[in-house]
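Analysis of the macromolecular model
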Amino acid sequence: MLETNLSLGKKMLIEKKQRLPYPTGIILDIHNYCNARCIICPYTKLQKKIPQGIMSWELYTKIIDDYQHLMEKYTFQGKLTYCQMGEPFILKDISKWVKYAIERNIEVYFNTNASLLTPSVVNSLIEAGYNGLFNISFFGISKEIYEDIMGLSYDNTINNIVYLLKNYPRKKILINAVNYKWPKGEKQKVLKYWGERDISVTISKPLSRSGLMRNIKNPPKKRIAGCGTERVLFEMVISINGDVLLCCHDMARENILGNLRESTIYEIWNGKKFQNIITAIYSGNSLSPNFICRRCEESVSYWSIRRMVKNLMPDEILKAIKKRRNNKWIVSKKT
């Protein structure tokens, strides 16, 4: 039974889930350039189709100030990471941007390939007061495998990580390792290498980015019943020009829900366009055959056994399960 409340400023109820009247996390494209050439990412194809550039400082500060206001009004801890499409450390003065957010009590963390996370960048971030997580994409541990998948210098990146390990708390350094056609034994090498350094690593399968990657098979779903990761219930994705996207997987910018030059975070998050799409996603109705979520591995099939079992579970059991899970924005575990 789907119940929704579309009035501004109120919680939106979706089956047994809640969507608060504000995003608890933001992904902000302060630029959309990347130096990697990952064979599991559509960046190289999209960079010729999507306008590229750097967000204006004026727009950035407007968004950050707006988010600070929401945090104060609703008394929650907001989280911020940079660059849905790019590598954040391409921006030379990134510590300036980070410092502005930190001074407004926003919790910042990085998703990065670490190839540009040089000692001088690490030092400047620490001087700016940064103490958040580094979630490092490092696909494989054998040099030839890493360089084939990511198109980066293995030695340069390893040297950067070695410096980071010596100068930053290891509990705040995470490794994201995507297994794309790894040869036999590579998984064990990955676990051994990072385990010996007391670094948490998550090994995952590659995603097709909602069908953008043809080399990753992902048959579309005929009917869906929500987002498995529930991203649309807590996370806002913002492009360099202020456009708000439905999800971080919308790298082709198929669904633009508003623009933060003209509106506030609150207005777009609670707007009818955004909430009507979410209602359709969770009910599985009124979605076009080629809608992005039908092509996404993280969406829930309406006919999945997992969904049906969860719907039959009492609220108390669901709450207990959720409480046991790490409910932070980034979840990492040793595999």
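Here the structure is a predicted model, which means the values were calculated and not measured.

A few points about the sheet that holds strand 5 (residues 107–108)
- Overall, mixed pairing links the six strands, which are arranged 5-4-3-11-12-13 in an open sheet. In this open sheet, the two edge strands, each paired with only one partner strand, are strand 5 and strand 13 (256–259).
- Pairing geometry for strand 4 (residues 79–82) and strand 5, over two bridges, is parallel. Counterpart to Lys-79 in the pairing with strand 5 is Glu-107.
- Running over the sheet, helix 2 (residues 57–74) touches strand 3 (25–28), strand 4 and strand 11 (235–238) and is turned about 175° from strand 3.

Structural notes on the nonpolar core
- Within the largest apolar cluster, 102 residues are counted, with the highest numbers of intra-cluster contacts made by Tyr-60, Tyr-82 and Leu-246.
- Of all the elements, helix 2 adds the most residues to this core, at seven residues.
- Setting aside anything within four residues of it in sequence, one finds Tyr-82 in contact with Leu-28, Ile-30, Tyr-60, Pro-88, Trp-97, Val-98, Ala-101, Val-108, Tyr-109 and Phe-110.

Remarks on the pattern of salt bridges
- Per the counting criterion, the structure on display carries nine salt bridges.
- Taking the shortest distance from any N to any O, the salt bridge between Lys-143 and Asp-155 comes out at 3.2 Å. Of this pair, Lys-143 sits in helix 5 (residues 143–150) while Asp-155 is found in helix 6 (residues 154–167), placing the two residues twelve residues apart along the sequence.
- With a closest N to O distance of 2.9 Å, Arg-231 and Glu-298 form a salt bridge. Linking Arg-231 in the loop between strand 10 (224–227) and strand 11 with Glu-298 in the loop between helix 9 (272–283) and strand 14 (299–301), this pair joins segments that are 67 residues apart in sequence.
- Among the charged side chains, a network of salt bridges with common partners joins Asp-65, Glu-103 and Arg-104.

A look at the environment of Glu-235
- As for its placement among the helices and strands, Glu-235 is situated in strand 11.
- For the pair formed by Glu-235 and Ile-27, sequence separation is 208 residues and the distance between their alpha carbons is 7.4 Å.

Comments concerning unusual backbone geometry
- Phi is positive for Asn-105, close to 65°, though the residue is something other than glycine.
- Note on placement: Asn-105 falls in the loop between helix 3 (94–102) and strand 5.
- Phi at Arg-209 is positive, roughly 55°, even though this residue is not glycine.
- Looking at where Arg-209 falls in the secondary structure, it is placed in the loop between strand 9 (200–204) and strand 10.
- With a relative accessible area of 25%, Arg-209 lands in the partly exposed category.

Overview of the packing of helix 2 against helix 3
- Close contact between helix 2 and helix 3 brings their axes to 10 Å; oriented N to C, the two are set at 25°. It follows that helix 2 is roughly parallel to helix 3 by the angle criterion. Two packed elements cross with a definite hand, and for helix 2 against helix 3 that hand is right-handed. Listed contacts from helix 3 to Trp-57, Tyr-60, Thr-61, Ile-64 and Asp-65 of helix 2 are Lys-96, Trp-97, Val-98, Tyr-100 and Ala-101.
- Looking at the contact of helix 2 with helix 3 residue by residue, the class counts come to seven nonpolar, one polar and two charged.

Remarks on helix 5
- Those residues of helix 5 that fall on the buried side of the exposure criterion are Ile-145, Tyr-146, Ile-149 and Met-150. Taken end-on, helix 5 shows its buried residues confined to a sector of 100°, consistent with a single buried face. Turned more than 90 degrees from where helix 5 packs its buried face, Glu-144 and Asp-148 sit exposed.
- Buried residues along helix 5 sit in contact with strand 7 (134–137), helix 6 and helix 7 (186–196).
- Looking one or two places after helix 5, you find Gly-151, whose phi comes out positive at around 70°.

Some words on the packing of aromatic side chains
- For the coordinates displayed, the defined rule picks out 23 aromatic pairs.
- Where Tyr-193 meets Trp-194, the ring centres are 4.8 Å apart and the plane angle is 85°; that geometry is what we call edge-to-face.
- In this structure Trp-194 comes out as buried when scored by relative accessible area, which is 1%.
- Every member of this aromatic cluster is reached through a ring pair, and the members are Trp-57, Tyr-60, Tyr-82, Phe-89, Trp-97, Tyr-100, Phe-110, Tyr-130, Phe-134 and Tyr-168.

Reading the values: rules and limits
Residues numbered from 1 in each chain as written. Predicted model: local features only at pLDDT ≥ 70, side-chain atom pairs only at ≥ 80, totals over all residues. Heavy atoms only, no water. Pairing = 2+ DSSP bridges. Helix = DSSP H or I, 4+ residues; strand = E, 2+ residues; numbered from the N terminus. Contact = heavy atoms within 4.5 Å. Axes fitted to C-alpha atoms, helices over the stretch in contact; angles between N-to-C directions. Core = buried A, V, L, I, M, F, W, Y, C linked by side-chain atoms within 4.5 Å. Buried < 20%, exposed > 50% of the residue type's maximum accessible area, 1.4 Å probe, protein only. Salt bridge = Lys/Arg side-chain N within 4 Å of Asp/Glu carboxyl O. Parallel < 35°, antiparallel > 145°, perpendicular 65-115°, else oblique. Left-handed = near helix turned anticlockwise from the far one by under 90°. Nonpolar A, V, L, I, M, F, W, Y, C, P; charged D, E, K, R; others polar. Arc of directions from axis to C-beta. Phe/Tyr/Trp six-rings, centres within 6.5 Å; stacked < 30°, edge-to-face > 60°.

From the geometry alone we can't say anything about function, so treat these as descriptive.
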